[in-house]
Amino acid sequence: MTAQIAAPITQDLLTIPRKLPDAARANIVGLTRDQLHRALIDAGTPERQAKMRVGQIWQWVYHWGVRDFAQMTNLAKDYRAFLAERFEIALPEIVTRQISADGTRKYLLKIAGGHEVETVYIPEENRGTLCISSQVGCTLTCSFCHTGTQKLVRNLTAGEIVGQVMLARDDLGEWPVPGAPKDETRLVSNVVLMGMGEPLYNFDNVRDAMKVVMDGEGISLSRRRITLSTSGIVPEIAKTAEEIGCLLAVSFHATEDATRDRLVPVNKKWNIETLLAALRDYPRLSNSERITFEYVMLDGVNDSDADARRLVKLIRGIPAKINLIPFNEWPGAPYKRSSWERIEAFADIVHKAGYASPIRTPRGEDIMAACGQLKSATERGRKSAAQIAAEVNPKYRVNLDALRLITPGTLTVGTLSDAPPSICINSQGQFTGFDNELLRAIAEGVHDKARRLAATLSEAGELSTASFFDTLTVRVPGKAEQIVAAAAEGGVHLRLVDADRVGISIGEDATEADLAAVADAFGATAPGED
């Protein structure tokens, strides 16, 4: 039976841009070659020299990653001073950087006006993908997406979009070093516009940013290494093919209009039939091999065999692959992830129909960096203690659902509610991260327990998070069954994940005897105590 979820009202295509703070100097990051050429001439560069100057500056900024005009040594000293007086090379500011147990990196970035966006880097064996944002918040209010719960603040500038790529290359140390042997390894080998926002509602800035990123004398990512994901803004799809020409992904997620209206409310404006008509022309217009249809797997909503058969029938004739995305849960999400058995059965139907149907491996879930989980940190923590107290189910205020690892030696106390953000506490029981009085009160009853338990667990094995946030997983190669059995003898239930991993959760109602049994079970496997 299909879940009945009320769809939020979709905002209109046009949004009112907020005025950016006035800058004393013009930022050259994000300017296309033509725009930089015009800016240099307007600033006083002789027109006959402007084309050459564009090429020189471009290489310094986008090939070498230089941020100081004084270092541009093939420019005359007085011209470097001229540029420094009139222009700047400015990027967003990294507020926080989190690294997942699987190597995924999430950056919280501050942009002009003090707003924040998130960018995610996903390393893989033969490539590295950077997921970048195009808006602060989003207008689309897709009911399964965490970003959709944050109202649109403004579009990102082209410079703020390009700046995300440059900051990632900074952090990864990817800029070449003058005089060093050429290294063809690309740590950021692919860019996907799948972060916060709908890229086609910010078309001009996204187009200009991608022109910069694709330029062969700078960052030099080919259009086949860039994928733009849209929820289906039909009037902009042909323009994307003609003016950007990158690969296209579509947030499809349903095979019937009634379901897609709830999941992706923009479907009420451009329904499935209208969207598919626009998509049929995209491969020809953009010279792309195929379109990626993204399909989030939601338990009991869109994951039936009938849905799979309808899907392959709908896209017949479109060069395509179907990217199946296990739903990445976030606090307060109204959906659950489909079971792996159901996802695999769905994929099998699609595959047998002749379409590639990879199942996306969830990445960065432990740092809320997975697909559909991005949201500005300040938006997560903006509710007052009084608002939180009014909204949270009382039983969750006194019975904490879980402890989960953020970094080695640090545990996070989390709840089942969507309202409170997490409180981080380190192994000394000190509070870090978000801090308000209600959350402190929630955590007060368990932080001493967490402190004591953390020391034992870190000695016993390698800590990591499970797929969902309700279990702390401890890796103890070959000893998992022994630990679970030992805990059971002490009257405590631990979850046997596999032969090498044990799952544990602890709430405020845990007794000292419970904790002692857990500590004893793990302590028996600590080094020197086998």
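Residues numbered from 1 in each chain as written. Predicted model: local features only at pLDDT ≥ 70, side-chain atom pairs only at ≥ 80, totals over all residues. Heavy atoms only, no water.

Novice: Which residues make up the overall build of the protein, and what values go with them?
Specialist: Broken down by element type, the protein carries 18 helices and 21 strands. Expressed as a percentage of contacts within the protein between residues at least 6 apart in sequence, the contacts between residues at least 24 apart total 65%. Taken as a whole, the protein presents about 23,700 Å² of accessible surface, with 50% of it coming from carbon and sulfur. (Helix = DSSP H or I, 4+ residues; strand = E, 2+ residues; numbered from the N terminus. Contact = heavy atoms within 4.5 Å. Areas by Shrake-Rupley, 256 points an atom, 1.4 Å probe, with all protein chains shown as cover.)

Novice: Account for helix α3 (residues 77-86), with residues named and values stated.
Specialist: For α3, the set of buried residues is Tyr79, Arg80, Phe82 and Leu83. Looking down the long axis of α3, one finds its buried residues gathered within 155° of arc, a one-sided arrangement. Exposed side of α3, more than 90 degrees from the buried face: Lys77, Asp78 and Glu85 are the residues found there. Contacts from the buried residues of α3 go to α1 (33-43), α2 (47-63) and β2 (87-88). (Buried < 20%, exposed > 50% of the residue type's maximum accessible area, 1.4 Å probe, protein only. Arc of directions from axis to C-beta.)

Novice: How would you summarise the confidence of the model for the protein if you had to cite specific residues and measurements?
Specialist: Taken residue by residue, the protein gives an average pLDDT of 75. The fraction at 70 or more is 66%. Per-residue pLDDT stays below 50 along residues 367-447; that stretch engages in 198 contacts with residues further than four places along the chain or on separate chains. In this model residues 463-471 is a low-confidence stretch, pLDDT under 50, and it forms 36 contacts with partners more than four residues away in sequence or in other chains. (pLDDT = per-residue confidence, 0-100.)

Novice: With reference to specific residues and values, describe the sheet that holds strand β13 (residues 320-326).
Specialist: On the basis of which strands lie adjacent, the open sheet formed by nine strands has the order β3-β4-β5-β6-β9-β10-β11-β12-β13 and mixed pairing. Edge positions in the sheet fall to β3 (93-99) and β13, since each has one partner strand and no second. Taken over all neighbouring pairs, the strand axes of this sheet differ in orientation by 20° on average, direction set aside. Bridging between strand β9 (residues 190-193) and strand β10 (residues 226-230) involves three bridges; their strand directions are parallel. Directly across from leucine 193, in β10, lies its bridge partner leucine 228. In the packing of helix α5 (residues 203-214) onto the sheet, contacts are made with β9 and β10, and the angle to β10 comes to roughly 165°. On top of the sheet, helix α11 (residues 340-352) reaches β12 (291-297) and β13; it is set at about 175° to β13, its chief contact. (Pairing = 2+ DSSP bridges. Axes fitted to C-alpha atoms, helices over the stretch in contact; angles between N-to-C directions.)

Novice: I'd love a proper account of the pattern of salt bridges, names of residues and values included.
Specialist: Inspection of the entire model under this criterion finds 22 salt bridges. Between glutamate 256 and arginine 310 there is a salt bridge whose closest N-O contact spans 3.5 Å. Of the two residues, glutamate 256 is situated in the loop between β11 (247-251) and α7 (257-263) and arginine 310 in helix α10 (residues 305-314); the sequence distance between them amounts to 54 residues. Across the pair aspartate 281 and arginine 284 runs a salt bridge, and its minimum N-O distance is 3.6 Å. One salt-bridge network, in which partners are shared between bridges, spans Asp204, Arg207, Asp208 and Glu243. (Salt bridge = Lys/Arg side-chain N within 4 Å of Asp/Glu carboxyl O.)

Novice: Account for unusual backbone geometry, with residues named and values stated.
Specialist: Look at serine 220: it is not a glycine, yet its phi comes out positive at around 60°. Among the structural elements, serine 220 can be located in the loop between α5 and β10. The partly exposed category is assigned to serine 220, whose relative accessible area is 30%. For histidine 253, which is not glycine, the phi dihedral falls at a positive 70°.

Novice: Describe the nonpolar core, with residues and values.
Specialist: Here is a general trend for soluble globular proteins: nonpolar side chains tend to be buried in one another's company. Counting residues in hydrophobic clusters, the biggest one holds 103 residues, and the most contacted among them are Phe144, Met210, Leu279 and Phe293. Among all residues touching leucine 279, those that are not within four sequence positions of it are Ile237, Leu248, Val250, Ile291, Phe293 and Ile318. One finds Val476, Ala480, Ala487 and Val502 within the second-largest nonpolar core, a separate group that totals seven residues. (Core = buried A, V, L, I, M, F, W, Y, C linked by side-chain atoms within 4.5 Å.)

Novice: Describe the packing of helix α4 (residues 158-172) against α5, with residues and values.
Specialist: Taken N-terminus to C-terminus, the directions of α4 and α5 make an angle of 40°; their axes are 8 Å apart at the nearest point. Overall, the two elements α4 and α5 adopt an arrangement that is oblique. In this structure, α4 meets α5 at a crossing whose hand is right-handed. Only Asn205, Val206, Asp208, Ala209, Met210, Val212 and Val213 of α5 make contact with α4, whose side of the interface consists of Ala158, Ile161, Val162 and Val165. When grouped by side-chain class, the residues that make up the contact of α4 with α5 number nine nonpolar, one polar and one charged. (Parallel < 35°, antiparallel > 145°, perpendicular 65-115°, else oblique. Left-handed = near helix turned anticlockwise from the far one by under 90°. Nonpolar A, V, L, I, M, F, W, Y, C, P; charged D, E, K, R; others polar.)

Novice: Describe in detail the pairing of β3, supporting the description with residues and values.
Specialist: Of the strand pairs in this sheet, β3 and strand β4 (residues 105-110) are connected by six bridges, and their pairing is antiparallel. Bridged to isoleucine 94 within β4 is leucine 109. The loop that links β3 with its antiparallel partner β4 comprises five residues; one of these, glycine 103, has a positive phi angle of about 95°.

Novice: Please give an account of the packing of α10 against α11 that cites residues and values.
Specialist: In a pair of packed helices, the angle between the axes and the distance between the axes together describe the arrangement. Remark: α10 packs on α11, axes separated minimally by 9 Å, with the N-to-C direction vectors making an angle of 30°. In terms of their interaxial angle, α10 and α11 are classed as roughly parallel. In this structure, α10 crosses over α11, and the sense of that crossing is right-handed. Counting all contacts with α10, which are made through Asp305, Asp307, Ala308, Arg309, Leu311 and Val312, the residues of α11 involved are Arg342, Ala345, Phe346, Ile349 and Val350. Considering only residue class, the contact of α10 with α11 consists of seven nonpolar, no polar and four charged.

Novice: Can you lay out α11 for me, pointing to particular residues and giving the numbers?
Specialist: Look at α11: 18 Å from first C-alpha to last across 13 residues, which is about the 18 Å you get at 1.5 Å a residue. Turning to α11, its buried residues are Ile343, Phe346, Ala347, Ile349 and Val350. The buried side chains of α11 occupy one side of the element, clustering within an arc of 160° when seen end-on. Along α11, the residues that are exposed and aim more than 90 degrees away from the buried face are Glu341, His351 and Lys352. The secondary structure elements touched by the buried residues of α11 are β12, α10 and β13. (Expected span 1.5 Å × (residues − 1).)

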